[in-house]
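Each chain is listed here by its residues.
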Amino acid sequence: MNLNEIANQLVAPRVGIMAADRPSPAFYDLMRSEGIPTDEHAYRNWSELLFLAPGLSESISGIIMTDEQTRLRDSRGESLIEQVVERGMIPGISPSKGMVALAGSDGETVGSGLDGLRERLAEYADMGVGFSKWRAAFQIGPGTPSYYAIEANAYVMAQVAALSQEAGIVPIVEPEVMLWGDHTIERCFAVTEWVLSRTFETLYLHRVNLEGTLVKASMVLSGYQCAEQADVETVAEQTVKVFRRGIPAAIPGIVFLSGGQSDYQATAHLNAMNANYEMPWKLSFSYARALQREPMAIWANRPEKVSAAQAALLHRAKMNGLASLGLWTKELEGEAVAP
Ligand code: 13P
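These figures come from a predicted structure and were not determined experimentally.

Calculation rules
- Residues numbered from 1 in each chain as written.
- Predicted model: local features only at pLDDT ≥ 70, side-chain atom pairs only at ≥ 80, totals over all residues.
- Heavy atoms only, no water.
- Near = heavy atom within 4 Å.
- Polar contact = N/O pair within 3.5 Å; in protein donor to acceptor, adjacent residues only side chain to side chain.
- Areas by Shrake-Rupley, 256 points an atom, 1.4 Å probe, with all protein chains shown as cover.
- Helix = DSSP H or I, 4+ residues; strand = E, 2+ residues; numbered from the N terminus.
- Nonpolar A, V, L, I, M, F, W, Y, C, P; charged D, E, K, R; others polar.
- Salt bridge = Lys/Arg side-chain N within 4 Å of Asp/Glu carboxyl O.
- Buried < 20%, exposed > 50% of the residue type's maximum accessible area, 1.4 Å probe, protein only.
- Pairing = 2+ DSSP bridges.
- Core = buried A, V, L, I, M, F, W, Y, C linked by side-chain atoms within 4.5 Å.
- Contact = heavy atoms within 4.5 Å.
- Arc of directions from axis to C-beta.

So, about the site of the ligand. Residues in contact with the ligand amount to 13 residues; listed here are only the nearest, Lys133, Lys216, Ser258, Gly259 and Arg289. One of the side-chain nitrogen or oxygen atoms of Glu174 is found 3.0 Å away from an oxygen atom of the ligand. The contact in question runs from an oxygen atom of the ligand to an N or O atom on the side chain of Lys216, over 2.8 Å. Contact with the protein chains covers 92% of the free accessible surface of the ligand, which is 300 Å². At the level of elements, strand S6 (131–138) and strand S10 (282–287) are the ones that each hand at least two residues to the shell around the ligand. A class-by-class count of the residues in the shell around the ligand yields 4 nonpolar, 3 polar and 6 charged.

A separate point is the pattern of salt bridges. One pass over the full model with this rule turns up 13 salt bridges. As a salt-bridge pair, Arg71 and Glu123 come within 3.0 Å of each other at their nearest N and O atoms. Here Arg71 is found in the loop between helix H4 (67–70) and helix H5 (80–86), whereas its partner Glu123 is found in helix H6 (residues 117–126), with 52 residues between them in sequence. Measuring nitrogen to oxygen at the nearest pair gives 3.4 Å for the salt bridge that ties Glu174 to Lys133. Highlighted residues: Glu174 in strand S7 (residues 170–177) and Lys133 in strand S6, separated in sequence by 41 residues.

Before going further, it helps to examine the pairing of strand S3 (residues 90–93). Burial along S3 is two-sided: Ile90 and Gly92 and Pro91 and Ile93, pointing in opposite directions, are all buried. As paired strands, S3 and S6 are joined by 2 bridges and run parallel to one another. Across the sheet, residue Gly92 finds its bridge partner in S6, namely Phe131.

Right, let's get into the nonpolar core. Membership of the largest hydrophobic core comes to 95 residues, with the highest contact counts inside it found for Phe51, Ile63 and Phe243. Residue contributions to this core peak at 9 residues, all from helix H7 (residues 147–166). Setting aside residues up to four positions removed in sequence, Phe243 forms contacts with Leu196, Ala217, Ser218, Ile254, Phe256, Trp281 and Leu283. Ranked by size, the runner-up nonpolar core spans 14 residues in total, among them Leu10, Ala19, Ile64 and Leu214.

Of the positions making up helix H2 (residues 24–33), those classed as buried are Ser24, Phe27, Tyr28 and Met31. Looking down the long axis of H2, one finds its buried residues gathered within 95° of arc, a one-sided arrangement. Along H2, exposed side chains directed more than 90 degrees from the buried face belong to Pro25 and Ser33. The inward-facing, buried residues of H2 abut helix H3 (42–51), H4 and helix H11 (289–299).

Dropping the structure here:
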């Protein structure tokens, strides 16, 4: 498949992406913070639960993995990535080596891991990886994000995108404007517009093929701590408006991160955009927390809860698949599997 075909398959009707790329140290930290007992196999078992959920490919087109997950074998000793491919899903890679402080900035960050990336991407392509994801995180605050941080992150995202395409891998460029803060939805709109405009200018400079690129975007939302919270219709309207200004129609699809929204909000917002607006790109999902929060609570590292946790995952994936077509309704949530 060429880059455009892979990108189109990832945003085909009724499907979206599952972001499962939480590195194992962060995964174990999360388990401990949730009071879930851990053991040395928990990361493998959790990855297996997610990747091999029966029927997952009906709603999930691709799975974003860590380097560690691309090399994992399941409890029977079989390669997880090979089973993902056999089930008709496209494996993706998060090749970042983590966020580091941006030198000279006021607490802003940039992703690290450009060194040796060409060679690593070639290896991933040989393993069957079809796409990459690289995140930039912009915190809205007094004086942030800075022009410096936006430029530095745009440069790194564009280099990763160009290197991915050289390896035959579709880049997902993820400039996330974070939800945390007491900013208004208007401020979120202005920052998102600025970030998108600088990101696409830089992708052009780095000769990135837009037809073979996807964008992973945050929604235009009121800050989590803002006293006045925008309703679903306003979020949908403002998000579509900023994308129309900042994202070229040549991009095949935009997939959302959930960013700390509740499962239900993430689905409702996606649905409202697809139900009410004509757009030149597919609008779908690439959720981590909004797909996995409930399955994790059900599972809690208990083997006897694997099937119930997988059922909860399938339910959320299906709801979001319907939202990617504007066909979700609140009533459909009634089918949810109880913990
Ligand atoms: P959330 O959906 O939990 O925000 O994660 C998406 C993601 O992959 C961030 O890079």
